[in-house]
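Next come the chains, spelled out residue by residue.
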Protein chains: 2
Amino acid sequence: MKTHIEFTHSPIVPPRMEIGAKEIGAQVEFLGIVRELEDVQAIAGLHYEAHEPMARSTIEKIFSELAVLYPCEEVRLIHRLDFVPVGETALYIRVRSRHRRSALRMTDAAVDQIKADAPIRELT
Amino acid sequence: MKTHIEFTHSPIVPPRMEIGAKEIGAQVEFLGIVRELEDVQAIAGLHYEAHEPMARSTIEKIFSELAVLYPCEEVRLIHRLDFVPVGETALYIRVRSRHRRSALRMTDAAVDQIKADAPIRELT
């Protein structure tokens, strides 16, 4: 599985779709977008801080462990750091696989585990 | 939930992302891509045939039933019909929701149910 993990301090630009891999049957793109919180004071955005080398190795481990359950050909993740305004993307994940179930389940499980385990702090 | 279902006889162009809905926290895009089949003769592509009005109402029903479990703000589906070459997208789904779990689970369940129940035939 090709894994590409990136942190950026600028708005996330979804990478161009590569065309033509004959074995790819499914592609999932997930955007985690900062939204106005409910039941609290409206916010302008969220701040994200990460220990980048630790976050990268935690995320790599999460993907490689999940690939045993959900085999995929390629995962690509971009996490934006610093201030992310409401309506903009903080987390981008793209998964490409032979079979649709793998790509969908990989994305779902990866987002859960990254939120739980990666050393990335979300601050209002 | 805004639902937009479309059939096309041309290559699918993913709709432009709308920006700025303050309540949207997650967007999932799923592409179902025609791939070369394994263990059988290589194919150039697949043919899809649909009874469009029936397929549309089946898909609308699937989305509205799933929205009880997985509340979403917007779903958009494009299914390509006729011949779809290997490497090109036959099915496009975009789901936008407040919470990431809803968007991911909606996509996963909708693809399963559409494959099972919608009157769309896939022919080699």
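This text gives an overview of the structure that appears in the document. (Residues numbered from 1 in each chain as written. Chains lettered and ligands numbered in written order. Predicted model: local features only at pLDDT ≥ 70, side-chain atom pairs only at ≥ 80, totals over all residues.)

### Structural notes on the sheet that holds strand S3 (residues 45-50) of chain B
Residues and elements named next belong to chain B.
Thought 1: The strand order across the open sheet built from three strands is S5-S3-S7, with neighbouring strands paired in antiparallel fashion. Of all the strands in the sheet, just strand S5 (82-85) and strand S7 (120-123) have a single pairing partner and so form its edges. Neighbour-to-neighbour, the strand axes of this sheet turn through a mean angle of 30 degrees, independent of strand direction.
Thought 2: Where S3 and S5 come together, four bridges link them in antiparallel fashion. Residue pairing in the sheet places Tyr48 in a bridge with Asp82 of S5. (Pairing = 2+ DSSP bridges. Helix = DSSP H or I, 4+ residues; strand = E, 2+ residues; numbered from the N terminus. Axes fitted to C-alpha atoms, helices over the stretch in contact; angles between N-to-C directions.)

### Structural notes on helix H2 (residues 100-117) of chain A
Thought 1: Compared with the 26 Å implied by 1.5 Å per residue over 18 residues, the 26 Å span of H2 of chain A between its first and last C-alpha is a close match.
Thought 2: Listing the buried residues of H2 of chain A in full gives Arg100, Ser102, Ala103, Leu104, Arg105, Met106, Thr107, Asp108, Ala110, Val111 and Ile114 of chain A.
Thought 3: Where H2 of chain A is buried, its residues contact strand S2 (26-33), helix H1 (52-69) and strand S6 (89-97) of chain A together with strand S2 (26-33) and helix H2 (100-117) of chain B. (Expected span 1.5 Å × (residues − 1). Buried ≥ 20, exposed ≤ 12 C-beta atoms within 10 Å, placed from the backbone. Contact = placed C-beta atoms within 7 Å.)

### Here we look at the environment of Ala44 of chain B
Residue and element names in this part refer to chain B.
Thought 1: By the secondary structure assignment, Ala44 is in the loop between S2 and S3.
Thought 2: Residue classification places Ala44 among the exposed positions, given that 10 C-beta atoms sit within 10 Å.
Thought 3: Separated by 80 residues in sequence, Ala44 and Thr124 have C-alpha atoms that sit 8.8 Å apart.
Thought 4: The contact partners of Ala44, leaving out residues within four places of it in the chain, are Pro85 and Val86.

### A few points about the interface of chain B and chain A
Thought 1: Between chain B and chain A, the residue contacts involve 24 residues of the former and 24 residues of the latter.
Thought 2: Elements with a minimum of two residues in the side of chain B that touches chain A: S2 and H2 of chain B.
Thought 3: Of the residues forming the side of chain B that touches chain A, the biggest block, eight residues, is contributed by S2 of chain B.
Thought 4: Partitioning the side of chain B that touches chain A into residue classes produces ten nonpolar, six polar and eight charged.
Thought 5: Sheet topology places S2 of chain A next to S2 of chain B; seven bridges connect them, and they run antiparallel. When the sheet's bridge partners are listed, Phe30 of chain A is paired in S2 of chain B with Val28 of chain B. (Nonpolar A, V, L, I, M, F, W, Y, C, P; charged D, E, K, R; others polar.)

### Some points on the nonpolar core
Thought 1: Judged by nonpolar contacts, the single largest core of 63 residues is most densely connected at Val28, Ile93 and Ala110 of chain A together with Val28, Ile93, Met106 and Ala110 of chain B.
Thought 2: The residues touching Val28 of chain B, leaving out its near neighbours within four places in the chain, are Val28 and Phe30 of chain A together with Val95, Ala103, Leu104 and Thr107 of chain B. (Core = buried A, V, L, I, M, F, W, Y, C linked by C-beta atoms within 7 Å.)

### Thoughts on the packing of H1 of chain A against H2 of chain A
Residue and element names in this part refer to chain A.
Thought 1: Between H1 and H2, the shortest axis-to-axis distance is 10 Å and the interhelical angle comes to 145 degrees. The element H1 and its partner H2 pack so that their crossing is right-handed. Where H1 approaches H2, its residues Thr58, Ile59, Ile62, Phe63 and Leu66 are matched on the opposing element by Met106, Ala109, Ala110, Gln113, Ile114 and Asp117.
Thought 2: Among the residues making up the contact of H1 with H2, the classes are represented as eight nonpolar, two polar and one charged. (Left-handed = near helix turned anticlockwise from the far one by under 90°.)

### Observations regarding the relation of the copies chain B and chain A
Thought 1: For the match of chain B to chain A, the screw axis carries a shift of 0.0 Å, the RMSD comes to 0.0 Å, and the turn is 180 degrees. Here the two chains are linked by the operation of a two-fold rotation axis. For chain B, the residue whose C-alpha comes nearest the rotation axis is Glu29 of chain B, separated from it by 2.5 Å.
Thought 2: The fraction of interface residues of chain B whose copies in chain A are also interface residues reaches 100%, indicating that both copies meet through the same surface. (Least-squares fit on C-alpha atoms with pLDDT ≥ 70 in both.)

### Points about the pairing of strand S4 (residues 74-80) of chain B
Two faces belong to every sheet, and in a regular strand the side chains alternate between them.
All names here are of chain B.
Thought 1: Where strand S1 (residues 2-8) and S4 come together, seven bridges link them in parallel fashion. Across the sheet, residue Glu6 finds its bridge partner in S4, namely Ile78.
Thought 2: Examined bridge by bridge, S4 and strand S6 (residues 89-97) share six bridges and lie antiparallel to one another. Note that in S6 the partner of Val75 across the bridge is Val95.

### Description of unusual backbone geometry
Glycine aside, the phi torsion of most residues is negative, and most peptide linkages are trans.
Thought 1: Phi angles above zero are rare outside glycine, and Asp82 of chain A is one such case at about 70 degrees.
Thought 2: Tracing the chain through its elements places Asp82 of chain A in strand S5 (residues 82-85).

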